[in-house]
Every structure is written in C-alpha cells, then in structure tokens.
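What follows is the residue order along each chain.
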Amino acid sequence: MSIPIKQIKLHKLSMRLNNPFTTSFGTLKDKEFFITEAVDEDGKRGFGESVAFTSPWYTEETVKTNEHIMEDFLIPILQKNTIAHPDDVSSLFSSIRRNNMAKAALEGAIWDLYAKRENMPLSEALGGTKKNIDVGISIGIQPTTQDLLDVIEKYVREGYKRIKIKIKPGRDIDVLKEVRYHFPDLPIMADANSAYTLQDIEHLKKMDELNLMMLEQPLAHDDIVDHAKLQAAMDTPICLDESIHSLEDVKKANQLGSCKIINIKIGRVGGLTEAKRIHDYCEKNNIPVWCGGMLEAGVGRAHNVALTTLPQFILPGDTAGSSHYWQEDIIQPEVEVNQGLIHVPDKPGIGYEVDEKILKKATIDVKTFNFH
Ligand code: OSB
Ligand code: MG
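Residues numbered from 1 in each chain as written. Chains lettered and ligands numbered in written order. Predicted model: local features only at pLDDT ≥ 70, side-chain atom pairs only at ≥ 80, totals over all residues. Heavy atoms only, no water.

Asker: Tell me about the pairing of strand β6 (residues 163-166), residues and numbers included.
Answerer: On β6, burial covers both faces: Ile163 and Ile165 on one face and Lys164 and Lys166 on the other are all buried. The β-α-β motif built from strand β5 (residues 137-139), the intervening helix α5 (residues 145-158) and the parallel element β6 has right-handed crossover chirality. Pairing between β6 and strand β7 (residues 188-191): four bridges, direction parallel. Bridge pairing links Lys166 to Asp191 in β7. (Buried < 20%, exposed > 50% of the residue type's maximum accessible area, 1.4 Å probe, protein only. Helix = DSSP H or I, 4+ residues; strand = E, 2+ residues; numbered from the N terminus. Right-handed = clockwise from strand over helix to strand, strands pointing away. Pairing = 2+ DSSP bridges.)

Asker: Explain the sheet that holds strand β10 (residues 261-264) residue by residue, including any values.
Answerer: Pairing between sheet strands relies on hydrogen bonds along the backbone, with the strands arranged either parallel or antiparallel. The strand order across the open sheet formed by seven strands is β5-β6-β7-β8-β9-β10-β11, and the pairing between neighbours is parallel. The sheet terminates laterally at β5 and β11 (289-291), the two strands that pair on one side only. Pairing of β5 with β6, which is carried by three bridges, proceeds in the parallel orientation. Residue pairing in the sheet places Ile139 in a bridge with Ile165 of β6.

Asker: Can you explain the coordination of the magnesium ion (ligand 2)? Please cite residues and give values.
Answerer: Of the protein atoms, only Asp191 (OD), Glu216 (OE) and Asp241 (OD) coordinate the magnesium ion (ligand 2), at distances of 2.1 to 2.3 Å. Ordering the donors of the magnesium ion (ligand 2) by residue number gives the pattern D-x24-E-x24-D. Of the two residues, Asp191 is situated in strand β7 and Asp241 in the loop between β9 (238-240) and α9 (247-256); the sequence distance between them amounts to 50 residues. Neither residue differs from the other here; Asp191 and Asp241 are each classed as buried. (Donors = N, O, S within 2.8 Å, 3.2 Å for Na, K, Ca; no water.)

Asker: Please set out unusual backbone geometry residue by residue, giving values where relevant.
Answerer: The omega torsion of the bond from Gln332 to Pro333 falls at -15 degrees, within 30 degrees of zero and hence cis. When you line up the elements, Pro333 lands in the loop between β12 (331-332) and β13 (341-343). With a phi close to 45 degrees, Arg98 is a non-glycine residue in the positive phi region. The residue Ser194 is not glycine, and still its phi comes out positive at about 70 degrees. Judged by its relative accessible area of 18%, Ser194 is buried.

So this is what it looks like as structure tokens:
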C-alpha cells in the first residue's frame, strides 16, 4: 500500500540559541530553519527538519536554497508520484543534483508519517534496536581557555560521554594540551571544520600526543586526497564530516584511506535512507560511525535519536539534550540526557509530539502544498 500524502506544509521558524555557537567560521546566535510536515488522508502528520543555515559556510545549501528546491522541484516530484515506502523518496529525488538538506527535510517527514501509519517507532522502522543511546556534546570555540575548561567541567558533571572541542589555527594544540592536562582520562576529540591545509601537517601531527578519540574534518570540505596523506602521517584517527555526501563518498574515502571514522549527518547525506546505506556499509567494513548534529530543534533531534539506534553507531554522537540549545524546544517531552544517555522513545514515529503553541510562537512563515 502506498503512503497517501494529501498535503505538505513548510513551516519556517526562527529560534534563539541558548549558547551562541562559534566555529572556525564565525558565531551563530539565531537559527532559521524549516519544519516540514506531511499529512495523509486520515490527518496523520509526519515531521521533518531542514538543517541548512542562513549562510552557506558548512555546505553550499542555505534556508533560501532549501525553500526554492523544495517548493520548485522536490514537492512537485512528490505530487506526481506514488510512494510505497520512504526508501522510494531518495530514488525519486535522484534526478535533482545534491541539495541534500532539502531532500532530507522532506524525506524525514515521510519517514515519520510512514512509521506512524505502521504504528511503530521510527527507530524500529529504520531497523534500530538500542533502547538507550550514548551521547557526547560539541562545544563551540570559547573566548578563553579558562572558559572552555569551565564548560567542559559542567558537561562532564552532567554525564556526557565525550567532549568535542572546536579548534582553529591559533586556538588548537595549546588549548587541547591544557584540556588534556586538566582531564587526563576524558574522551575528547577536536573538530576543525576544514580550517587547515596539508601545509600544517607537522603542526597537526603534534596532536598524536594528546590521546584524542579522533580529529574531525581537518582539511578542505571537498577533499579526500589530502586527508589520505594526512591520515597516513598521523596516528590519531581522522573522522570525515563535510567531505561525505553519499555512500559513494564513503566508499572512495575508505579506498583511499582518507579517514578511519565517519560522522553521519542525515541532512548532509540527503536523508535517512542514504544514512542507513552508509551505516550498513560501515558495519560490513568495520568503520565506526557516529551521528553528527546541526544544532537541531526537537524534530531533527528526534530523527538523530532514531538513527543512532542502529548498531554501528558505536561512538557517542553530538545529539545533546534540548535544553542545551533551546529555552523551550518545539517537542514534548523535550530530548533529555541522563548520565550521557538518551532513552529512545517507544511511541509511533519520531516518538515526541510537536508542541503546537511553541511551534506557532517560533513560526515566521508557512506555505501549504495540496496533493490531488
Ligand atoms: O561540524 O559538526 C559540525 C554545528 C553546526 C555545523 C557543523 C557542526 C556543528 C557541531 C555541533 O559541531 C553539533 C550539535 O551540537 O548539534
Ligand atoms: Mg564537524
């Protein structure tokens, strides 16, 4: 039986972050994004979230390009085709190049709707089995090293299973050394968001003394060749983030030896179906994976929780609790972290209710597309 979509809604939201987030690119204070909603004939509703930012610093997509691609290309494809299973969506969308975050936002709403229609949790619909998932936290660049040590202390006390520290040239080895000195046994990793080049190889190699779990995306966002050279010269495992847009990218990176770990982000790879395919390949090839974050609101966060229940997500992800990001999240209950664990909901679909009042408060625009 196909999924009888009657309507798609694009809710454009704007929400202020509790903790402005600084990377090697700059600081993000407010987040603008889409909540996608797919409604079926019985009025059942599935939700997705687009993770593009307002400027294209992380990938080329933005909130505006997402709107254009969803409205002018992807939604018309959904209107013209029947969908038997959410896995069909990525093949239907394959005629549109890239724009993975726009694709993932719509596919996510259809996955949630499908799971609700089947009366099963999204985690189960994806084939996940974990009842609890391990999570870590990603800390933006702090004004001073003392500030960083203080926030790490706070998150260690809250029980997060590993701490990710953003680095950039000038605020890297010395900062990490200081952290390692104060927290000798803490699982820590560093994320450079592409801030280095191979010319920095001697400098980056000094990280091998710091017992980091991994170094995330040190080199260019579109590179896998230089990363292979760096990985060959370093003991610290390299994890790719920005460089991975598909299973094909993972296969090539693996063949070249560009990394030892993969960060899977649903939006970056074009949706849950592709994320699952990457997971399955990594499981067969013994490549550890973890679920990355894009400072999501509750809907995107719930999708990350569901995906992380798959078995090869053996490293803690970046899916911190709702209250780390938001004064009030758009879902009920909020995503809660206890002792570094998120309990996976067992209700149908994403397993959290969208809070209409909070959704409305954060909404700056809504567009509705009817299906015939
Ligand atoms: O590089 O993983 C990244 C946030 C926005 C864009 C890119 C990244 C991040 C994070 C934070 O590291 C992840 C999160 O807490 O959601
Ligand atoms: Mg990253």
